[in-house]
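Remarks on the overall topology
Spelled out, the chains give:
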Amino acid sequence: MSAWEAVEEAIATCDAGKVAEIVLGLDDEGRKEVAGRLPGHLPAVRRRFGFSNGADWWDLDDDWIEPMRVAGAGTIGGAAAVAAWLNRREFAGRRAEPDAVEPLLRVLAARPPEWRADVAVRVASRVRGPSREQGAWLALLLLRRSGAVPPAHDPLVVAWVGESPTARGLREDPLRDHLLPLIFEAEGVGRALQGEQAAPLQPGTWLASLTVLQSEGTIDRGLLIDGCVRRFLRGGSAGDLRFFVRLHELLEPTYAEVESRARDYLRLLPAAPGAVAELALRHLRRLDALDPADVSEALQALLFRPERKLVSVGLTWLDQAARDAGDNADEYALALAYAFACESPDIQERAVRLALKHGARFTPAGAEIIRDALGLLPPDLGEQLVAVFGGEAAAEEDDDGFVPVPMPESPGFSEVDADFSPIGDIRELGAFPDREDWRGAERWLAGFVRLCNDRDRLRSVLARGTSWPTRLDVQPEWRYLEQWAEAMARQIVTPGIRLGPPPSAFSSVPSPSVSPSASPSLSSSRLPSPERVSPPHLFLLRRWAEVHAALRAGTLPPYLLATPTSGTGHLDPGVLVDRLEGYERTGAKAMDADLWQALLRLPRSIAPEVVARAGGLTSGAGVTAARWMNGGRLSPMTAVEWTRGGSTAYAADREPSGGEHPDLVPRIGLPSGEPGLLRDLLADPDASRREGRDVYMLWWPAILPSDREAVALHALPFLLYHWNTPGVEPGVLRALARADGPAGEGVALLLAYFLVERDSPLGKAQPNEGVRVLVGMAERGDLPAAEVGRQLALLLRRAWFKLGAVVESLESAARHGAHVEVWEVVAGFLAAYLPGPGERPQTAHTQALGFAVRVASWAGARGELPCVAEIARRKGSSGFVREARRLHARLS
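Structural notes, computed from the coordinates. Worth saying up front: this structure is predicted, and the values here are computed from it rather than measured. (Residues numbered from 1 in each chain as written. Predicted model: local features only at pLDDT ≥ 70, side-chain atom pairs only at ≥ 80, totals over all residues. Heavy atoms only, no water.)

Things to note about the nonpolar core
Heads up, the condition is: Working definition of a nonpolar core: buried Ala, Val, Leu, Ile, Met, Phe, Trp, Tyr and Cys residues. They are joined through side-chain atoms within 4.5 Å. Each residue is placed in one exposure class: buried if its accessible area under a 1.4 Å probe, protein chains only, is under 20% of its type's maximum, exposed if it is over 50%, and partly exposed if it falls in between. Comment: elements are numbered from the N terminus, with helices defined as DSSP H or I runs of at least four residues and strands as E runs of at least two. Here, two residues are considered to be in contact whenever any of their heavy atoms come within 4.5 Å of each other.
Membership of the largest hydrophobic core comes to 159 residues, with the highest contact counts inside it found for F448, W544, L792, L810, W823, L830 and L887. Take this core: its biggest share by element is 17 residues, from helix 42 (residues 803-833). Excluding residues that lie within four positions of it along the chain, F448 makes contacts with L429, L458, L462, M488, A489, I492 and L551. The next biggest cluster of nonpolar side chains, apart from the first, holds 132 residues, and it includes A10, L108, V119 and L213.

Below you can see the structure in the form of structure tokens.
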């Protein structure tokens, strides 16, 4: 058997030890033969072990890799060629197993020491992955065995620190003296060690091991401190530097060690990550012999940083340094000017107090630096310094670039166009409109009723255009209008058809919308339970049910009363009087739900001559309509209650939320004596958001176009949470904005929601919907501005919305011409948003007051706001109080 055949057979059995034994016994010719055959054997062995036949990775067998590596390491001649063989990509990814690598070490040990060292360095220079991978683990092992000096190779250093060290292991590691200095230079070390904790120290970590070895003198602590400081100066992210910050603090540099490196610590103050800058500042503050120029440089760096904590510490240091300066504190004037430029009002105020405190210590040259920086301060703070340093404070900025523009014209509810002309082509009835198209559905229903006087022709059209896709007779409830439309069509196509009673498991629901003469039992029994649909939905179904019942009973009137004349759902009062007069001429009887729907669609303002015409009507429906038009319109009582924890109501607007999620509980009520159908429609909405109760929500404004507050309250339960419902669509808000009737808490809350909502799909799709509605209502003069402001405050206090969205939306509305109305919104907002008794002012409160100052300027607002005046009269000069004083002064 030839040398190659023996090695090939051993490889086939995946026996690396056998391969080592064979190659160690080969002569030069045998090694040369094996070395020449190995590369060509790779494809064959990969195929044999499943690497080329599409097998899944978990089915692959890589036990052949180690025998192949051993064969190459024992037979290939040059060090470079052996290093390349050991790092072939076909062998990549194999995990390190100490027992498996022993045959490889055996064949390498047979080579000369210089050759082994050369291979070790070459293998180490090729390391790319972490220490647990074979290439890195083998490289570290070869370096330790050969005694070679490791190359300065970043991945090798990262692989070295990837080993879990102990103080004993690191103490005996021959690579320590070579690689330890490199951990402060190699990229990736900080990222690999950022998870190590300093408190408490954990065994088996670099922090623990290095701390022990430096304490016993095995490692020079100066090397470690210098390395950390050098790494800080190189820069990097806070995460990459975290390990070195912790190591530095565990070393607890002495006074002398800090003093000798003071210039380096000073260099860290301007731009190092916050944790590094804090470390440097803490140690510099320990020194009592810093040159004033160095202190000034440090203070300028600190007071120019964005971190409030560092700036605050810098001001404390500046106070001490100015006291120590005696009669000449000019060295620190520029640092003080940097503090004037800080965005934090509290920092600016503190800097002004320091300037006043040490004013006598500045010479004319230092005072000039202070004067030149007065423009960086708000006018009220600048004025305090003018008395001591002279100069001029910044002028109050009345003009921030705001340019008022006229509001765009918005159509009123009577001007919104829609096609409600009678259906001229009977073929249009062959297809029922889309569920979202309330206008098309109204036109279909009106056309159906009108064309029932030509039933033969209608029957032919409906028979051709309808495929009867549903089994109405087995459906216990008809919850959708297309079911009622199908039932009507079937009644035309097959006169007298009876679809049978609903299954007995479902009880029927009496319907006051169907007159006794219409045989209501079948139609009313198909209406869903009030617990399963919303009141507007049930009212809508009752109207269609009574048409179906009248059709079966043969009492269908020639046309409907309630078909709207405007795209908002409104009905022209004169047109209704015309229709009622037609009923009286023909003797037609009005259907209950149709009549009440017609009355609900009348606008709130009716011309006197139309009211007079209605007074001449004599039928029961005509008399009811005349009374309605002549001041008898119903006035529902409405309210919105916020609760938390499911039941506890808020006692006051400014009561803290306690972190509990809110619920909205709308209330609607009618005076006693109103018809039962209206009481059902204007009942308290179900606040539970049960599935199916938001169906036909886009229709609701057209059902109650002159009672938009009631519609808003029905929609509120679906406003805040969307986990089982798509929520309130912007189309509902748009419709209510164009509708009629008082706009109270409900409408204001809907509008406020769309001014702040950004995270839901609806908010992301139409982020400016609230702004458009606000401007439109402002132009028409029916914006409940103060209530919108109050609801914005409640959303911020009790829900999860942020001030930034309020400012963004209101500023946009102001720049579209509604600046006067936006001020009214802001005034209502402040009254409910500013902190109440026992509340601490937050940054957002200060920002809200600052925005209010701008809006008041845009609107030319005047008149004291009690909530602001109370804050302005407080003692102190915090940013919150100062902003309140600015706003109060402007309004006064």
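Continuing now.
Examining helix 15 (residues 238-251)
Counted only if it meets this: Expected helix span is computed as 1.5 Å times (number of residues minus one).
If you check helix 15, its first and last C-alpha atoms are 19 Å apart, about what 14 residues at 1.5 Å a residue would give, namely 20 Å. Residues of helix 15 that are buried include every one of G239, D240, L241, F243, F244, V245, L247, H248 and L251, and no others. Among the structural elements, helix 12 (189-193), helix 13 (206-215), helix 14 (221-234), helix 17 (262-268) and helix 18 (274-284) are those in contact with the buried residues of helix 15. Following helix 15 by one or two positions, E252 has its phi on the positive side, about 45°.

A word on the side chain of E787
Using the following cut-off: Polar contacts, as used here, are pairs of N or O atoms within 3.5 Å; protein pairs need one atom able to donate a hydrogen and one able to accept it. Residues neighboring in sequence count only if both atoms are side-chain atoms.
Secondary-structure assignment places E787 in helix 41 (residues 785-798). At 2.7 Å, the side chain of E787 and the side chain of R790 are in polar contact. Among all residues touching E787, those that are not within four sequence positions of it are G744, E745 and A748.

Some details on the pairing of strand 3 (residues 662-669)
The condition that has to hold: One bridge is not enough; two strands pair if DSSP finds at least two bridges between them.
Strand 3 sits mainly inside the fold: six of its eight residues count as buried. Note that strand 1 (residues 637-644) and strand 3 share eight bridges and pair antiparallel. Bridging across to strand 3, W642 finds its partner in L664.

Structural notes on the packing of aromatic side chains
We apply this condition: Two rings from Phe, Tyr or Trp (for Trp, the six-membered ring) form a pair when their centres are within 6.5 Å of each other. A pair whose planes differ by under 30 degrees is stacked, one over 60 is edge-to-face, and the rest are tilted. Two thresholds decide whether a charge sits over a ring: the Lys NZ or Arg CZ must be within 6 Å of the ring centre and within 35 degrees of the ring normal.
In total, this model carries 21 aromatic pairs according to the counting rule given. Between W160 and W206 the ring centres are 4.8 Å apart and the planes differ by 65°, which places this aromatic pair in the edge-to-face class. Pair noted here: W160 is in helix 9 (residues 154-161) and W206 is in helix 13, with a separation of 46 residues, a long-range link. Taking the relative accessible area as the measure of exposure, W160 reaches 1% and is therefore buried. By the ring-pair criterion, three or more aromatic residues cluster together here, those being Y721, Y753, F754, W800 and F801. Positioned over the ring face of W115 is R111, at 4.2 Å from the centre of the ring. The ring of Y650 has R644 sitting right over it, with the charged end atom 4.8 Å from the ring centre.

Comments concerning the pattern of salt bridges
The test is simple: Salt bridges are defined as contacts in which a side-chain nitrogen from Lys or Arg sits within 4 Å of a carboxyl oxygen from Asp or Glu.
Tallying each qualifying case throughout the model produces 50 salt bridges. With its nearest N and O atoms 2.9 Å apart, the salt bridge here joins R144 to D173. Here R144, found in helix 8 (residues 134-146), pairs with D173, found in the loop between helix 10 (167-172) and helix 11 (176-179); they are 29 residues apart in sequence, far enough to count as distant. Here D177 and R176 are joined by a salt bridge, their closest N and O atoms 3.1 Å apart. Here the residues in one salt-bridge network are E185, E187, R230 and R234, joined through shared partners.

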